[in-house]
Amino acid sequence: MRVVITAHARKRLQDLRQEQINEHDIRAAARSIPGYIPTATRFRGFLAASGRTFDLVVKDVLAGRLVITIIGK
């Protein structure tokens, strides 16, 4: 499955709250969500390689799975 990360989500990776989360962590988390997601939905409790916990807001579109934003804990 193709994972598309929005410019907003990439910008949020620069914030202090998301500092130890990288794109590989986001792609792996987005691919691990089963099924079809027709509306933007928040999924909680993903773990980055650094040990940082984060949430994702994703939606399935024609281009693939769209990662709208990342919320670091």
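Here goes a summary of the coordinates provided. Quantities reported herein were computed from a predicted structural model and do not represent experimental measurements.

1. Observations concerning the overall build of the protein
Argument step 1. Each helix and strand in the protein was counted, giving two helices and four strands.
Argument step 2. Tracing the protein from N to C terminus, the helices and strands come up as β-α-α-β-β-β.
Argument step 3. Its C-alpha radius of gyration of 11 Å places the protein within 12% of the 11 Å reference for a compact globule of 73 residues.
Argument step 4. Each principal axis of the C-alpha distribution contributes one length, and for the protein these read about 30 × 20 × 20 Å.
Argument step 5. Each of the 73 residues in the protein was classed as buried or not, and the buried ones make up 41%.
Argument step 6. In the protein, of all internal contacts separated by at least 6 residues, the share reaching a separation of at least 24 is 48%.
Argument step 7. Looking at the protein as shown, the accessible area adds up to about 4400 Å², and 56% of this sits on carbon and sulfur atoms.

2. Things to note about the side chain of D25
Argument step 1. If you trace the backbone, D25 turns up in helix 2 (residues 23-31).
Argument step 2. For the buried D25, no salt bridge exists, and the shortest N-O distance to an oppositely charged side chain is 10.0 Å, to R52.
Argument step 3. Side-chain polar atoms of D25 contact the backbone nitrogen of A49, separated by 3.3 Å.

Calculation rules
- Residues numbered from 1 in each chain as written.
- Predicted model: local features only at pLDDT ≥ 70, side-chain atom pairs only at ≥ 80, totals over all residues.
- Heavy atoms only, no water.
- Helix = DSSP H or I, 4+ residues; strand = E, 2+ residues; numbered from the N terminus.
- Rg over C-alpha atoms; globule rule 2.2 N^0.38 Å.
- Buried < 20%, exposed > 50% of the residue type's maximum accessible area, 1.4 Å probe, protein only.
- Contact = heavy atoms within 4.5 Å.
- Areas by Shrake-Rupley, 256 points an atom, 1.4 Å probe, with all protein chains shown as cover.
- Lys, Arg positive; Asp, Glu negative; His and termini not counted.
- Salt bridge = Lys/Arg side-chain N within 4 Å of Asp/Glu carboxyl O.
- Polar contact = N/O pair within 3.5 Å; in protein donor to acceptor, adjacent residues only side chain to side chain.

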